[in-house]
Amino acid sequence: MKAMADEGSGPSFLARLVLVLLGVAFLGAAWVWHRKDTDPNAARLVERVSGGRVHGGAANP
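Note that the coordinates shown come from a computational prediction; the quantities given were computed from them, not determined experimentally. Residue indices follow the written sequence of each chain, beginning from 1 at its first position. pLDDT decides what is reported in this predicted model: residues at 70 or higher carry local features, side-chain atom pairs at 80 or more are listed and counted, and totals for whole chains, interfaces and linings draw on all residues regardless. Only hydrogens and water are set aside when side-chain values are computed; all heavy atoms of the structure are taken into account.

Before going further, it helps to spend a moment on the overall build of the protein chain. A run of DSSP states H or I qualifies as a helix once it reaches four residues; a run of E qualifies as a strand once it reaches two. Both are numbered from the N-terminal end. Tallying secondary structure elements over the protein chain gives three helices and zero strands in all. Listing each helix as α and each strand as β along the protein chain from the N terminus yields α-α-α. Categorising residues by exposure relies on relative accessible area from a 1.4 Å probe, with only protein chains included: less than 20% of the type maximum marks a residue as buried, more than 50% marks it as exposed, and the intermediate range marks it as partly exposed. Counting across all 61 residues of the protein chain, residues that qualify as buried make up 10%. Split by element, the accessible area of the protein chain, about 5,400 Å² in all, is 68% carbon and sulfur. Note on areas: Shrake-Rupley with a 1.4 Å probe; residue coverage comes only from the protein chains shown.

Moving on, we come to the packing of aromatic side chains. Note on ring pairs: Phe, Tyr and Trp rings are taken, using the six-membered ring of Trp, and paired if centres are within 6.5 Å. Classes follow the plane angle, with under 30 degrees stacked, over 60 edge-to-face and the rest tilted. On inspection of all chains with the given rule, the structure shows zero aromatic pairs. The ring of Trp 33 has Lys 36 lying over it, and the distance from NZ or CZ to the ring centre is 4.8 Å. Note on geometry: a ring has a charge over it if NZ (lysine) or CZ (arginine) is within 6 Å of the ring centre and within 35 degrees of the ring normal.

Per the UniProt record, the feature "transmembrane region" (unreviewed entry) sits at residues 13-34. The distance from the first to the last C-alpha atom of residues 13-34 is 31 Å, and the span holds 100% helix and 0% strand. UniProt positions are given in the numbering used here, feature names are shortened, and annotations may be inferred rather than shown by experiment.

Here we come to the side chain of Ser 50. Along the chain, the position of Ser 50 falls in helix 3 (residues 40-50). Of note is the side chain of Ser 50, whose polar atom sits 2.8 Å from the backbone oxygen of Val 46. Polar contact criterion, stated in full: a pair of N or O atoms within 3.5 Å, where within protein one must be able to donate a hydrogen and the other to accept it, and residues adjacent in sequence count only if both atoms are side-chain atoms.

Time to look at helix 3. Regarding helix 3, the residues found buried are Ala 42, Val 46 and Ser 50. Down the axis of helix 3, the sector holding all buried residues measures 55°, keeping them to one side. In this structure, helix 3 carries Pro 40, Arg 44 and Arg 48 as exposed residues pointing more than 90 degrees from its buried face. Next to the buried residues of helix 3 lie helix 2 (13-35). The arc in question is the one traced by the directions running from the helix axis out to the C-beta atoms. Here, two residues are considered to be in contact whenever any of their heavy atoms come within 4.5 Å of each other.

Tracing the backbone shows Lys 36 in the loop between helix 2 and helix 3. Take Lys 36: its relative accessible area is 10%, and that puts it in the buried class. A polar contact of 3.4 Å, which involves the side chain of Lys 36, links it to the side chain of Asp 37.

Orientation is described by axes fitted as lines to C-alpha atoms, over the contacting stretch for helices, and by angles from 0 to 180 degrees between their N-to-C directions. Helix 3 packs onto helix 2 with a crossing angle of 115° between their chain directions and a minimal axis gap of 8 Å. Considering how the two elements wind past one another, helix 2 and helix 3 form a crossing that is left-handed. Residue-level inspection shows Val 32, Trp 33 and Arg 35 of helix 2 in contact with helix 3, the latter providing Ala 42, Leu 45 and Val 46. Broken down by class, the residue content of the contact of helix 2 with helix 3 amounts to five nonpolar, no polar and one charged. Each crossing gets its handedness from the near helix: less than a right angle anticlockwise from the far helix is left-handed, clockwise is right-handed. Under the convention adopted here, Pro, Cys and the residues Ala, Val, Leu, Ile, Met, Phe, Trp and Tyr are nonpolar, Asp, Glu, Lys and Arg are charged, and Gly plus all remaining residues are polar.

Structure (structure tokens):
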């Protein structure tokens, strides 16, 4: 009976944790990307992570 209850209970705790961590990482990256034009530390971080490929935002391709 326990196995049948587990099948319909949804994703495991580990899967939920991974999804939450991915979401937090995505939001953090989006926040840093947004701040890169006004914060020199964020600009350096974006430049370092992107390998120097970033030369402006979406409005400046």
